[in-house]
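Architecture at a glance
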Amino acid sequence: MSAQSPTPEPMVTGPHDPEHDPKASYALEPEYVEALTARIVSTTGATSPTYSPIHGQPLANIPQSSVDDVAEAFRRARRAQAAWARTSLDDRAQMLLRLHDLVLDRQDEIVDLICWETGKARKHAFEEPVHIALTARYYGRTAHRHLDSERRLGILPLLTRAEVNRVPKGVVGIIAPWNYPFSLALCDGLPALLAGNAVVTKPDAQTMLTALLGAQLLEEAGFPKDLWQVVAGPGRELGTPLIKSSDYVCFTGSTATGKVIAQQCAERLIGCSLELGGKNPLLVLRDASVERAAEGAIRASFASAGQLCMSTERIFVADQIYDRFVERLVARTEALSLGASLDWDVDMGTLISPDQVETVTAHVADALAKGARVLTGGKARPDLGPYYYEPTILEGVTPDMTCFAEETFGPVISLYRFHDEADAIDRANAGRYGLNASIFSQDGDRARWIARQIKAGSVNINEAYGATFGSVDTPMGGMRESGMGRRQGGEGIHRFTETQAVATQRLLRFSPQFGLSEETYAKVQTANFRLLKKLGRA
Ligand code: NAD
């Protein structure tokens, strides 16, 4: 069954559509919503409504979980994990490969739901099933590379056989945000499952349906139902009980919440990975193609209306091409279509909530009050829907302004001119974050040399964020206050395992034999170690 198109048709095509009626009502089919929400572990009888940011109309009533429900979710997950850890790695990997196909087959339904819940443009929502399909295929195909036991050097050649096993942590708690609700609900959980763990997840309250569709697809791909538990409710209430029962916590969200999570994990001495905020720089070097850089900067800054952790909020442009770049960037920004549509024709959707509008409005107002200039945008657009905000370009932003160093998490960028690249690197590296950066240049070697000097967990050259985000064999995460740990690649799966060393000793034991005294035994051992070094042994 698929997400139902609303009645009457909710399509609002953009700022120039005179017929646009922001009050048009719509609903998802109740049976569809019920089938999804039935997956939430909830015995309270309480529900909480969600609203689509497209028009601010009610979307669904979400059953709420209590602290006891969280405990029950962990009981079920632990039972399921015990059996799951005995399932062969090949069988687990096959399920991921089936998920890859399912997600690509069902992408329309997934993308519809993401658009309903977040209000983002369809082309931005499309990135999410793609990211999950790539992640599922990657881990499905590389399962043995990451998880097979590895032989290591034993203390005595031939006599000591040493190996390292990857043992599942147990039950992984995942707390996810609303901005990439399909991708971020699943992308960390897939390697956790492959490594033999169960998952209890608390998605953001605003985007529960998309996360629940992910849970349903996992079951359809063959994963045992109880292996993936979903609880619903405010993070402030369910976060602590979830962390108290988890063997490892995987959090994506704001830096402020990440610090709270890290403290709670530290109290229990459990590991956590934290994927947090950013204030991401984009550098346009003097030899960059102006057109390509302007096109890339639009994607880097306004994808998902800037509500993307990897989104650019600061652009540093070489003096020599500054004016031409700004002219192209402003022209391209003004040509973007803005509006509410489930169709492919919209370039930028809405912010998700009144809170987001408030933050973006406050950052822009503060900058203008302190002397910044708006080159384009700078206004909320209630004529399009309750939370629309124009893509906005600012010039003249200075350190006393909030948007200079604080994450806006909206479609607002600041432009800065630079004279020499060392200065641009220093300014890009200023601040407390270090998540993502982009560099535009026609000299790949030079751009890669500069990348090594940028304090960011990922650097995209001649691209916005998709090159690193989509290259799932590379690790992704933040330096400094942008996070701890990495998702994707080997790092992204090994965090969900404990490493266990096993050494088997043959023939000789670690004590004197053949009538040797302790002193002679020590001399023989010393001679052995000297010989091993001479022979080049590590
Ligand atoms: P948030 O920290 O407010 O919420 C994220 C999640 O944490 C939600 O599920 C929320 O319910 C839960 N939560 C809130 N308080 C909690 C608490 N005390 N204990 C446990 N859980 C709690 O973040 P947000 O505003 O929803 O998301 C936007 C932020 O996330 C931005 O800063 C953005 O940069 C960041 N983000 C980072 C990445 C990344 O990969 N680095 C990806 C997406 C978003």
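The sections below set out a description of the structure shown in this document. (Residues numbered from 1 in each chain as written. Predicted model: local features only at pLDDT ≥ 70, side-chain atom pairs only at ≥ 80, totals over all residues. Heavy atoms only, no water.)

1. Quick look at the overall build of the protein chain
Rule in force here: Strands are runs of DSSP state E lasting at least 2 residues, helices are runs of H or I lasting at least 4, and numbering of each runs from the N terminus. Only C-alpha atoms enter the radius of gyration, while the globule expectation follows 2.2 Å times N to the 0.38, with N the number of residues. The classification of residues rests on relative accessible area computed with a 1.4 Å probe and restricted to protein chains. Under 20% of the type maximum is buried, over 50% is exposed, and intermediate values are partly exposed. Pairs of residues are marked as contacts when any of their non-hydrogen atoms sit within 4.5 Å. Using a 1.4 Å probe, accessible areas were evaluated by the Shrake-Rupley method; residue-level cover was limited to the displayed protein chains. For the purpose of charge, His is not counted, nor are the chain termini; Lys and Arg are scored as positive and Asp and Glu as negative. In this description, the location of a charge corresponds to atom NZ of lysine, CZ of arginine, CG of aspartate or CD of glutamate.
Looking only at helices and strands, the protein chain has 20 helices and 18 strands in total. In terms of C-alpha radius of gyration, the protein chain reaches 26 Å, essentially the compact-globule figure of 24 Å for 538 residues. Principal-axis analysis of the C-alpha atoms places the extent of the protein chain at approximately 100 × 60 × 40 Å. In the protein chain, buried positions account for 56% of the 538 residues. Looking at the protein chain alone, contacts between residues at least 24 apart form 74% of all its contacts between residues at least 6 apart. Within the structure as shown, the protein chain displays about 22300 Å² of accessible surface, and the carbon and sulfur contribution to it stands at 53%. Side chains of the protein chain carry 57 positive and 65 negative charges; the gap between the two charge centres is 11 Å.

2. Re a nonpolar patch on the surface
Keep this limit in mind: Note that patches include only residues with greater than 30% relative accessible area and no salt bridge, and the join distances are 9 Å for like charges and 5 Å for nonpolar side chains (Val, Leu, Ile, Met, Phe, Trp, Tyr). The term salt bridge refers to a side-chain nitrogen of Lys or Arg lying within 4 Å of a carboxyl oxygen of Asp or Glu.
A surface patch of nonpolar side chains, amounting to about 290 Å² of accessible area, comprises I155, F510 and F529. Secondary-structure assignment places F529 in helix 20 (residues 518-534). Judged by its relative accessible area of 41%, F529 is partly exposed.

3. A word on the site of the ligand
Applicable threshold: If a single non-hydrogen atom of a residue is within 4 Å of a molecule or strand, that residue counts as near it. Polar contacts here mean pairs of N or O atoms no more than 3.5 Å apart (in protein, one a potential hydrogen donor and the other a potential acceptor; neighbouring residues in sequence count only if both atoms are side-chain atoms). Under the scheme applied here, ten amino acids are nonpolar (Ala, Val, Leu, Ile, Met, Phe, Trp, Tyr, Cys and Pro), four are charged (Asp, Glu, Lys and Arg), and all others, including Gly, are polar. Domain segmentation is taken from an automatic or database assignment of domains.
Around the ligand there are 25 residues in total, and A176, S254, T257, L276 and E407 lie nearest to it. Interatomic distance of 3.0 Å between a side-chain N/O atom of R487 and an oxygen atom of the ligand. For the ligand, whose accessible area on its own is 850 Å², the fraction buried by protein is 86%. Elements that contribute at least two residues to the shell around the ligand include exactly helix 10 (235-245), strand 8 (248-252) and helix 11 (255-268). Its residues assigned to classes, the shell around the ligand shows 11 nonpolar, 8 polar and 6 charged. A domain split of the shell around the ligand shows at least three residues from each of domain 1 (66-147 + 168-276) and domain 2 (280-475).

4. Brief notes about the side chain of N429
Tracing the chain through its elements places N429 in the loop between helix 16 (421-428) and strand 15 (436-440). In terms of polar contacts, N429 uses its side chain to reach the backbone carbonyl oxygen of Q453, at 2.9 Å. Dropping the residues within four chain positions of it, N429 is found in contact with Q453, I454, K455 and R480.

5. Here we look at the pattern of salt bridges
Pairs can form between side chains of opposite charge whenever their charged atoms are close. Considering all chains together, one arrives at 38 salt bridges under this definition. Taking the shortest distance from any N to any O, the salt bridge between R328 and E291 comes out at 3.0 Å. Linking R328 in helix 13 (residues 322-334) with E291 in helix 12 (residues 290-302), this pair joins segments that are 37 residues apart in sequence. Taking the relative accessible area as the measure of exposure, R328 reaches 25% and is therefore partly exposed. Its relative accessible area of 34% is what places E291 among the partly exposed residues. Between R299 and E463 there is a salt bridge; the shortest N-O distance is 2.5 Å. Of this pair, R299 sits in helix 12 while E463 is found in the loop between strand 16 (458-461) and helix 18 (466-470), placing the two residues 164 residues apart along the sequence. We classify E463 as partly exposed; its relative accessible area is 21%. When salt bridges that share partners are traced, they join K259, E406, R432 and E481 into one network.

6. Details of helix 10
All buried positions along helix 10 are accounted for by L238, G239, P241, L242 and I243. Packing partners of the buried residues in helix 10 comprise helix 2 (67-84), strand 5 (171-175), strand 6 (198-202), strand 8 and helix 11.

7. Describing the sheet that holds strand 3 (residues 150-152)
Strands in a sheet are paired, the pairing made by backbone hydrogen bonds, and the direction either parallel or antiparallel. Our working definition: Strand pairing is assigned whenever DSSP identifies at least 2 bridges connecting the two strands. To get an axis, a line is fitted to the C-alpha atoms, and for a helix only the part in contact is used. The angle between two axes follows their N-to-C directions and goes from 0 to 180 degrees.
Taken together, 3 strands build an open sheet; the order of strands is 3-4-18 and the sheet is antiparallel. The open sheet terminates on both sides in strands that have one partner only, identified here as strand 3 and strand 18 (497-505). Along the sheet, successive strands turn relative to each other by an average axial angle of 30°, direction set aside. Alignment of strand 3 against strand 4 (residues 160-168), held across 3 bridges, turns out to be antiparallel. Bridging from a neighbouring strand, R152 pairs with A162 of strand 4.

8. Description of the environment of I155
Its place among the elements puts I155 in the loop between strand 3 and strand 4. Along the primary structure I155 and R324 are separated by 169 residues, whereas in three dimensions their C-alpha atoms are 64 Å apart.

9. What to know about the sheet that holds strand 16
Taken together, 7 strands build an open sheet; the order of strands is 12-13-14-11-10-15-16 and the sheet is mixed. The strands lining the two open edges of the sheet, one partner per strand, are strand 12 (373-376) and strand 16. For this sheet, the mean angle separating the axes of adjacent strands, direction not counted, is 25°. As defined by bridge partners, strand 15 adjoins strand 16 across 4 bridges and the pair is classed as parallel. Within strand 16, the position partnered with N436 by the bridge is S458. Against the sheet, helix 12 engages strand 10 (280-284), strand 11 (312-318), strand 13 (392-395), strand 14 (412-418) and strand 15, with an angle of about 160° to strand 11. Contacts between helix 14 (residues 354-369) and the sheet are confined to strand 12, strand 13 and strand 14, with strand 13 contributing the most and set at about 25° to the helix.

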